[in-house]
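# Structural overview for review
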Amino acid sequence: MATTFLKPLHAGKGRSIAHALGQSTDYVKNPDKTDGGQWVSAYQCNPSIVDAEFLFSKRQYEAQTGKAHKDSDVIAYHMRQSFKPGEITPEKANKIGYDLAMSLTKGNHAFIVCTHVDKHHIHSHIIFNSTSLDCTRKFRNFWGSSFAIRRISDILCLENGLSVIENPKPSWGSYGTWLGDKKPPTQRQRLERMIDNALTADCKSYEDFLAAMQTEGAEAKTGKHLAFKIPEGKRFIRCDSLSEDYTEDAILERLNGKREVKRRNTQKSFSATEDIRPRSLIDIQSKLAQANSPGFERWAKGFNLKAIAETVVWMKEHGISDVEKLAQECDVASKSYHGLSERTKANQARMMKAISDLQRQISNYGRTKEVYIQYKKLPRKKQAQFYEDHRENIILHENAKRHFDSLGVEKLPSIKALKQEYAALNAENKQLYPQQKAARRKMIDLLTAKSNVERFLEIKIEQPERKKQQEASR
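Rules used throughout
- Residues numbered from 1 in each chain as written.
- Predicted model: local features only at pLDDT ≥ 70, side-chain atom pairs only at ≥ 80, totals over all residues.
- Heavy atoms only, no water.
- Helix = DSSP H or I, 4+ residues; strand = E, 2+ residues; numbered from the N terminus.
- Buried < 20%, exposed > 50% of the residue type's maximum accessible area, 1.4 Å probe, protein only.
- Contact = heavy atoms within 4.5 Å.
- Areas by Shrake-Rupley, 256 points an atom, 1.4 Å probe, with all protein chains shown as cover.
- Phe/Tyr/Trp six-rings, centres within 6.5 Å; stacked < 30°, edge-to-face > 60°.
- Lys NZ or Arg CZ within 6 Å of the ring centre and 35° of its normal.
- Expected span 1.5 Å × (residues − 1).
- Bend = angle between axes of the 7 residues up to and from the residue.
- pLDDT = per-residue confidence, 0-100.
- Core = buried A, V, L, I, M, F, W, Y, C linked by side-chain atoms within 4.5 Å.
- Patch = residues over 30% accessible without salt bridge, like charges linked within 9 Å, V, L, I, M, F, W, Y side chains within 5 Å.
- Salt bridge = Lys/Arg side-chain N within 4 Å of Asp/Glu carboxyl O.
- Axes fitted to C-alpha atoms, helices over the stretch in contact; angles between N-to-C directions.
- Left-handed = near helix turned anticlockwise from the far one by under 90°.
- Nonpolar A, V, L, I, M, F, W, Y, C, P; charged D, E, K, R; others polar.
- Pairing = 2+ DSSP bridges.

## A closer look at the overall build of the chain
A tally of helices and strands in the chain yields 15 helices and 8 strands. Relative to its full complement of 474 residues, the chain shows a buried share of 42%. Residue pairs at least 24 apart in sequence account for 71% of intrachain contacts in the chain once pairs closer than 6 positions are excluded. Summing over all exposed atoms, the chain offers an accessible surface of approximately 27,000 Å²; the carbon and sulfur share of this is 49%.

Here it is, written out as structure tokens:
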């Protein structure tokens, strides 16, 4: 007994295509859910780098067709196939999922099948690339695809002696929850996104729009007010309750070309620099020495060719045309990152070691001052007993005095002034951390590109600054 669904995957707001693919495939490949990766199979792709291979095929599609990626484009399709508890083994479930994906894609699209065994029911997640293997076209989701998938799944189940569900309820699940998103989109946000997807260049009339919304999975209700119910929605949502660009009048204006709407994610090619970053080449010979595997050697050579091609493209996109420029950029990036890193570390040290400790010692000094004054005023004969009665306060006071002496503090600063300094340093670090993160990423990318070029061309690229330091030390 199996239930299935098909869900198109988009990059979504605030995510690059690379990040979206990596997030989705990482979830389905989770070793904790697949018995350490035992129940993962693939067609025309390597499961360990499936997101990179999918993304690289999209770059090839763009180069061959000249079509740039649009925000509404589907980057991959996700199917889920669930089975009745106790009716199937993980091995058979994975095989049925593989056959289902092969039947639907007709062998024209790469895919992975990951069977999860961490729940009481065995289920498989299938993700297939929207771009075809020859990178000349894309999979087009068709009207009634969910019904067709269910029919294929039912036939496969019957062939394997499994029961089927006659009238399964749609089960979209909460994909944002699966991926651990802290704030998945609301139903209204999802509906607005569906409307954006439906209002494409091919949508010429109101009827076309309603048909496109049905294709997106929304149920329409027309009449006095236009309303839609999204998959898993409990009620219809009136368009007049949405943002100003999604009311019924706004939709008609958009259809007639009288209203231009800036998409949440403007059209952006996946050749953007954040989508592809240089990947380190594999040292094939050293790996082969550890494990003699002709299959690994073939895969590693292919991986290295893709990685060096991506490195060359990345360098061109960043205006790096020769090894001298690459070396200079490595120096600049390293200086920038280490400078920011040293600054944030110095601020943190001042905040924690100096300000926080000083505040604590000032507080201890003030709290124990009266007791210590009484202790010092007593005759020597009575001090011993007073010390035993107030040992903790006296020790705290003396420790505070020693701390002030070690810092050379003659006049104690106010707690308020220290708190203000702490807040200022903390605010500065909050501004510096994003810069430091970006600088670190840029430095790693440049050093990875440098390493790849050195290994591929079998040369040694000397960074100017490092070369100067070496010459100075001689």
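## With respect to the packing of aromatic side chains
Inspection of the entire model under this criterion finds 11 aromatic pairs. Between Tyr-43 and Phe-111 the ring centres are 5.3 Å apart and the planes differ by 25°, which places this aromatic pair in the stacked class. One end of the pair, Tyr-43, is in strand S2 (residues 40-43); the other, Phe-111, is in strand S4 (residues 111-116), and 68 residues separate them in sequence. By relative accessible area, Tyr-43 is classed as buried at 17%. Geometrically, the ring pair formed by Tyr-98 and Phe-111 is edge-to-face, given 5.1 Å between the ring centres and 65° between the ring planes. Placement of the pair is Tyr-98 in helix H3 (residues 90-105) and Phe-111 in strand S4, with a sequence separation of 13 residues. Lys-221 extends its terminal NZ or CZ atom over the ring of Phe-236, reaching a point 4.7 Å from the ring centre.

## Quick word on the side chain of Glu-454
In this fold, Glu-454 is placed in helix H14 (residues 415-457). On the basis of relative accessible area, Glu-454 is assigned to the buried category, the value being 12%.

## What to know about H14
Here H14 contains 43 residues, and its C-alpha end-to-end distance of 61 Å stays within 8% of the 63 Å for a straight helix at 1.5 Å per residue. Residue Leu-432 marks the point of greatest curvature in H14, where the axis turns by about 30°; the proline Pro-434 follows within four residues. One or two residues past the end of H14 sits Glu-458, with phi positive at roughly 55°.

## Some words on the confidence of the model for the chain
Residue-level pLDDT values for the chain average 80, and 84% of them are 70 or greater. Confidence, read as mean pLDDT per element, is least for helix H5 (residues 175-178) in the chain (36) and greatest for S4 (95). Counting interchain partners and residues more than four positions distant, the pLDDT-below-50 stretch residues 170-182 has 29 contacts. Low pLDDT, under 50, characterises residues 265-274; the predicted model gives this stretch 27 contacts beyond four residues in sequence or across chains.

## Here's the deal with the nonpolar core
Of all hydrophobic cores here, the largest spans 22 residues; its most connected members are Met-79, Phe-83, Ile-88 and Phe-128. Among the elements of the structure, strand S3 (76-83), H3, S4, strand S5 (123-129) and helix H4 (145-159) are those that each provide at least two residues to this core. Of the residues forming this core, the biggest block, 5 residues, is contributed by H3. The residues contacting Ile-88, other than those within four sequence positions of it, are Phe-83, Ala-93, Ile-96, Ile-122 and Leu-162.

## Digging into a nonpolar patch on the surface
Residues Phe-456, Leu-457 and Ile-459 make up a contiguous nonpolar surface patch of roughly 290 Å² in combined accessible area. With respect to the helices and strands, Ile-459 occurs in the loop between H14 and helix H15 (464-473). Of the residues examined, Ile-459 reaches a relative accessible area of 37% and is grouped as partly exposed.

## Considering the pattern of salt bridges
Under the defined criterion, the tally for this structure stands at 12 salt bridges. A salt bridge links Glu-388 to Arg-391, with the shortest nitrogen-to-oxygen separation between them at 2.9 Å. Under the relative-accessibility criterion, Arg-391 is labelled partly exposed at 37%.

## Observations regarding the packing of helix H1 (residues 17-28) against helix H2 (residues 50-65)
For any two helices packed against each other, the geometry comes down to the angle between their axes and how far apart the axes lie. Where H1 meets H2, the axes come as close as 9 Å, and the angle between the chain directions of the two elements is 145°. Two packed elements cross with a definite hand, and for H1 against H2 that hand is right-handed. Within the contact between the two elements, H1 uses Ile-17, Ala-18, Leu-21, Gly-22 and Thr-25 and H2 uses Val-50, Asp-51, Phe-54, Leu-55 and Lys-58. Each residue belonging to the contact of H1 with H2 can be placed in one class, and the counts come to 6 nonpolar, 2 polar and 2 charged.

## Regarding the sheet that holds strand S7 (residues 227-229)
Read from one edge to the other, the open sheet built from 3 strands follows the order S6-S7-S8, with strand pairing classed as antiparallel. Of all the strands in the sheet, just strand S6 (219-221) and strand S8 (237-238) have a single pairing partner and so form its edges. Relative to S7, S6 runs antiparallel, the two sharing 3 bridges. If you follow Lys-221 over to S7, its bridge partner there is Ala-227.

## Side note on the environment of Phe-142
Within the element layout of this structure, Phe-142 appears in the loop between S5 and H4. Look at Phe-142 and you get partly exposed, because its relative accessible area is 36%. The spatial distance from the C-alpha of Phe-142 to the C-alpha of Thr-215 is 7.8 Å, given a sequence separation of 73 residues.

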